[in-house]
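# Analysis of the macromolecular model
Read off the chains here:
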Amino acid sequence: MNSPFLLSAYEHCNRDGFWSRDWEKEKPDEHQFMQKCINAGLCTSEKNYGQYAGEEAINLGAEPGLRTESLNVYDEVIHIAHISDLIVTALRKPNDKPWEMAKEIPLDNGTIWKSSAYLDPSGTKLRRVCLVTNWSDDRHYSEARSWYSLGEVCAYGLPMQQVVCVLGARRDGKRHGYWSKGVLHPANKKLRFRKRNDVGTNFKESWNTIFREDRDEIETETWLQAMLDDGVLQDSLFNVDIQVPEPIARQMITDTAARRLEEIYSLKATPPQQFSTCNWPLPCVYRGCCNRGDSPSGKSGFVPIEQVR
Ligand code: SF4
């Protein structure tokens, strides 16, 4: 389990962090699933890396599967495959080497920092792909100060390119953003995008709303070019630079990370429950077993993970 995940879980609820040290859900949720597909596409040496990301979705959909409340799991997997293909194709340039994960490093107290970030081939900056439903000032500061961004930047002493992908709202197992949904002209089949706040762009009723996965005849590059032409690509994909803080602040943050990781790894007994965070900001994955007074196990859909110290 990577360090930013563990630290975030521990800050959410000490018991969440303690259990996340040793257990994870067998099936990834939609966000984790898409991150795995994007990771596969960014890190592959295959020439068609976008398609590779999509194929990874099919593989993961078969084993271990997708954890979703949606009734049609197969359709959702295909939906994610197409979004992942588009995102990877937009992120990686044809001459780019495969992206690499940053290597583990020891912090000052010897605790290992296991990264969730990518290291640029030049070795001079980190990269992170941040998948969000929507973006706001609050979200900007929340992500910029998270262990996934500020924590990584302080651990390595390197700045980060935090790439934000705005996916749109998720309903019935589908994302309703520009990566997945557009409108087609009824006659010439031109692909356009219905911008939420642009009152000047009116599409007649006859324009057909389409989802990406239903239109294999539209090339990935054509979809991305249409996003660019309609001015929605810059709303869906943008960069936030995270700088390395000054030395005193950086030391304070890495010391906090080192102390807290050591605390998590040395925990022997299950910490008390923290009820105010069971359902917020997201439903805790341990609600079922925790509320029954149980610990995570195979029976409740968890699998043990290797500990990193
Ligand atoms: S269900 Fe609540 S108390 Fe239990 S681990 Fe999750 S947040 Fe903590």
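It should be noted that the structure appears before, not after, this text.
Okay, so let's go over this structure. Since this is a predicted model, take the numbers as computed values, not measurements.

Of all hydrophobic cores here, the largest spans 40 residues; its most connected members are Ile 87, Val 129, Trp 179 and Met 227. Those elements giving two or more residues to this core turn out to be α3 (30-43), α4 (49-62), α5 (73-91), β6 (126-132), β7 (160-166) and α8 (220-229). Broken down by element, this core gets its largest block of residues, nine residues, from α5.

This part covers the packing of α3 against α5. At a minimum axis separation of 9 Å, α3 and α5 run at an interaxial angle of 45°. With respect to their mutual orientation, α3 and α5 come out oblique. Taken as a pair, α3 and α5 cross one another with a handedness that is right-handed. Here α3 contributes Glu 30, Phe 33, Met 34, Cys 37, Ile 38, Gly 41 and Leu 42 to the contact with α5, which in turn contributes Glu 76, Val 77, Ile 80, Ile 83, Ser 84, Ile 87, Val 88 and Leu 91. When the residues that make up the contact of α3 with α5 are grouped by side-chain class, the tally is 11 nonpolar, two polar and two charged.

Once that is clear, we can look at the pattern of salt bridges. Oppositely charged side chains may form a pair once their charged atoms are brought near each other. Following the criterion strictly, the structure yields 14 salt bridges and no others. In this structure, Glu 69 and Arg 170 form a salt bridge, with 3.4 Å as the shortest nitrogen-oxygen distance. Of this pair, Glu 69 sits in the loop between α4 and α5 while Arg 170 sits in strand β8 (residues 170-171), placing them 101 residues apart in sequence. Accessibility expressed as a relative area gives 28% for Arg 170, which makes it partly exposed. Salt-bridge contacts for Asp 294 lead to Arg 292; the nearest nitrogen and oxygen are separated by 3.7 Å. Several salt bridges share partner residues, and in doing so they unite Glu 30, Glu 69, Glu 76, Arg 170 and Arg 175 into one network.

In spatial order, the strands read β11-β10-β12; together these three strands make up an open sheet with antiparallel pairing. Looking at which strands have only one partner, the edges of the open sheet turn out to be β11 (191-192) and β12 (208-211). In terms of strand pairing, strand β10 (residues 181-184) meets β11 through two bridges, oriented antiparallel. Within β11, the position partnered with Leu 184 by the bridge is Leu 191.

Time to look at the site of the ligand. Around the ligand, the structure places His 12, Cys 13, Arg 15, Asp 16, Gln 273, Gln 274, Thr 277, Cys 278, Cys 284, Arg 287 and Cys 290. Put simply, the parts of the chain that give the shell around the ligand at least two residues each are α2 (14-22) and α11 (287-291). Counted by class, the shell around the ligand contains four nonpolar, four polar and three charged residues.

Time to look at the packing of α4 against α5. At a minimum axis separation of 7 Å, α4 and α5 run at an interaxial angle of 155°. When the axes of α4 and α5 are compared, the pair comes out roughly antiparallel. Every pair of crossing elements has a handedness; the one defined by α4 and α5 is right-handed. Contacts between α4 and α5 involve Tyr 49, Gly 50, Gln 51, Ala 53, Gly 54, Ala 57, Ile 58 and Gly 61 from the former and Val 77, Ile 78, Ala 81, Ser 84, Asp 85, Val 88 and Thr 89 from the latter.

Turning our eyes to something else, we now look at the side chain of Asp 120. Within the secondary structure, Asp 120 sits in the loop between β5 (118-119) and β6. On the basis of relative accessibility, which here comes to 8%, the residue Asp 120 falls in the buried class.

Another point: unusual backbone geometry. Peptide bonds are, in most cases, trans, and in most cases residues other than glycine have a negative phi. Put simply, Glu 63 and Pro 64 share a cis peptide bond, and its omega is 10°. Within the fold, Pro 64 resides in the loop between α4 and α5. Even without being glycine, Lys 189 reaches a positive phi, approximately 60°. Tracing the chain through its elements places Lys 189 in the loop between β10 and β11. Judged by relative accessible area, which is 48%, Lys 189 ranks as partly exposed.

Conventions and cut-offs
Within each chain, residue numbers correspond to sequence positions counted from 1 in written order. Reporting of local features is limited, given that this is a predicted model, to residues whose pLDDT is at least 70; pairs of side-chain atoms are given and counted only at 80 or more, and all residues count toward the totals for whole chains, interfaces and linings. Side-chain descriptors were evaluated using all non-hydrogen atoms of the structure, hydrogens and water having been removed beforehand. The set of buried Ala, Val, Leu, Ile, Met, Phe, Trp, Tyr and Cys residues whose side-chain atoms join them within 4.5 Å is what this entry labels a nonpolar core. Only protein chains enter the accessibility calculation, which uses a 1.4 Å probe; a residue is then buried when its area is under 20% of its type maximum, exposed when over 50%, and partly exposed in between. Elements are defined by DSSP. Helices are runs of H or I of four residues or more, strands are runs of E of two residues or more, and each kind is numbered from the N terminus. Axes here mean lines fitted to C-alpha atoms, for a helix over just the part in contact, with angles spanning 0 to 180 degrees between N-to-C directions. Each angle receives one of four descriptions, namely roughly parallel if under 35 degrees, roughly antiparallel if over 145, roughly perpendicular if within 65 to 115, and oblique otherwise. Two helices crossing with the near one rotated counterclockwise from the far one by less than a right angle form a left-handed crossing, whereas a clockwise rotation gives a right-handed crossing. Contacts were defined at the residue level, with two residues in contact if any of their heavy atoms lie within 4.5 Å. Classification used: nonpolar for Ala, Val, Leu, Ile, Met, Phe, Trp, Tyr, Cys and Pro, charged for Asp, Glu, Lys and Arg, polar for all others including Gly. Should a side-chain nitrogen of Lys or Arg be within 4 Å of a carboxyl oxygen of Asp or Glu, the pair is scored as a salt bridge. Pairing between two strands is assigned when DSSP locates at least 2 bridges connecting them. If even one non-hydrogen atom of a residue comes within 4 Å of a molecule or strand, that residue is called near it.

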